[in-house]
Amino acid sequence: MISAASASILRRAAVAPATRFAVSRRPLSMACAESVNKLNGLLEEYRQRNYAMEMPRRFQKDVVHAATINSRQLNVPAVSAEGIENVLQNIGMAHRITRSELEGIVSEVGECPLGDDDKANCVISENQMMDLISRNWEEHHQDQELA
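A few points on the structure.

What counts as what
- The numbers attached to residues start from 1 for each chain and follow its sequence in the written order.
- Whole-chain, interface and lining totals are the exception, using all residues; otherwise, since this is a predicted model, local features are given only for residues with pLDDT of at least 70 and side-chain atom pairs are given and counted only at 80 or more.
- To get the side-chain values, take all heavy atoms of the structure and skip hydrogens and water.
- Helix and strand labels come from DSSP, where a helix needs a run of H or I of at least four residues and a strand needs a run of E of at least two; each type is numbered from the N terminus.
- Using a 1.4 Å probe on the protein chains alone, a residue whose accessible area is under 20% of its type maximum counts as buried, one over 50% counts as exposed, and one in between counts as partly exposed.
- Note on contacts: a residue pair is in contact if any heavy atoms of the two residues lie within 4.5 Å.
- Put simply, buried Ala, Val, Leu, Ile, Met, Phe, Trp, Tyr and Cys residues joined by side-chain atoms within 4.5 Å make one nonpolar core.
- When two rings of Phe, Tyr or Trp (its six-membered ring) have centres within 6.5 Å they constitute a pair, described as stacked for plane angles under 30 degrees, edge-to-face for angles over 60, and tilted for the intermediate range.
- Here the expected length of a helix is defined as 1.5 Å per residue gap, with one fewer gap than residues.
- Directions are taken from the helix axis to each C-beta atom, and the arc is the one they span.

## Considerations on the environment of Met130
Consideration 1: Examined against the element boundaries, Met130 turns out to sit in helix H6 (residues 126-132).
Consideration 2: On the basis of relative accessible area, Met130 is assigned to the buried category, the value being 11%.
Consideration 3: Taking C-alpha positions, Met130 is 8.7 Å from Val63, a pair spaced 67 residues apart along the chain.
Consideration 4: Residues contacting Met130, with those up to four places away along its chain left out, are Arg57, Gln60, Lys61 and Val64.

Structure follows, in structure tokens:
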């Protein structure tokens, strides 16, 4: 069970406007950027094989929805490393990315409860997850590298 203060932080992160907590607010570490690229590669590989007739946005929405549902019960719509890992297990890709890589992404991009150094308790909003797995993140990251 999470504390009331932690729940309040998570609730704010989940309902905050996308501009406040957007992935693009700060540059990601090299390790996190590599993990995001790896995650996107896995999802794109699955999308091309199994969602070929669907628009990429439809697939991304399905992934975010599934990751939100499979995240621990936080009483707020948020995505945890556990939720992302569950999606990857369901599509047969979990063996190609480690849990620590997923926790690194979520802890660097998202919100962690105050006073909690455990990356397993960190979450990202649905909007942040959508940004991570869409071209929005890739385009912004390339712009930062060029600057």
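There's plenty left to go through after this.
## Section: the environment of Ile124
Consideration 1: The residue Ile124 is located in strand E2 (residues 123-125) in this model.
Consideration 2: Judged by its relative accessible area of 0%, Ile124 falls in the buried class.
Consideration 3: In the structure, Ile124 is positioned 43 residues away from Ala81 in sequence and 8.9 Å away in space, judged by C-alpha atoms.
Consideration 4: Look past the residues within four positions of Ile124 in its chain and what remains in contact with it is Ala78, Val79, Val106, Val109, Gly110, Met129 and Leu132.

## Quick notes on the nonpolar core
Consideration 1: Counting 29 residues, the largest nonpolar core has Leu39, Leu43, Ile84, Leu88 and Met129 as the members making the most contacts within it.
Consideration 2: At the level of elements, helix H2 (30-50), helix H3 (56-69), helix H4 (81-90), helix H5 (99-109) and H6 are the ones that each hand at least two residues to this core.
Consideration 3: Looking at this core element by element, the count peaks at six residues for H2.
Consideration 4: What Leu39 contacts, discounting residues up to four positions off in sequence, is Ile84, Leu88, Ile97, Leu102 and Ile105.

## Section: the packing of aromatic side chains
Consideration 1: By the definition in use, this model includes three aromatic pairs.
Consideration 2: With 6.2 Å between their ring centres and 35° between their planes, Tyr46 and Phe59 make a pair best called tilted. Here the residue Tyr46 occupies a position in helix H2, and Phe59 occupies one in helix H3, the gap between them amounting to 13 residues.
Consideration 3: Ring geometry for Tyr51 versus Phe59: centroids 4.8 Å apart, planes at 65°, classification edge-to-face.
Consideration 4: Its relative accessible area of 5% is what places Phe59 among the buried residues.
Consideration 5: Grouping aromatic residues by their ring pairs yields a cluster made of Tyr46, Tyr51 and Phe59.

## Some words on the environment of Glu126
Consideration 1: Inspection of the secondary structure assignment puts Glu126 in helix H6.
Consideration 2: For Glu126, a relative accessible area of 32% puts it in the partly exposed group.
Consideration 3: What Glu126 contacts, discounting residues up to four positions off in sequence, is Val64, Thr68 and Pro77.

## Here we look at H3
Consideration 1: For H3, which comprises 14 residues, the first-to-last C-alpha distance of 20 Å matches the rise-based estimate of 20 Å (1.5 Å per residue) to within 8%.
Consideration 2: Taken as a whole, H3 has its buried residues at Phe59, Gln60, Val63, Val64, Ala67 and Thr68. Taken around the axis of H3, the buried residues stretch over an arc of 170°, which confines them to a single face.
Consideration 3: Residues of H3 that are buried sit in contact with H2, strand E1 (78-80), H4 and H6.

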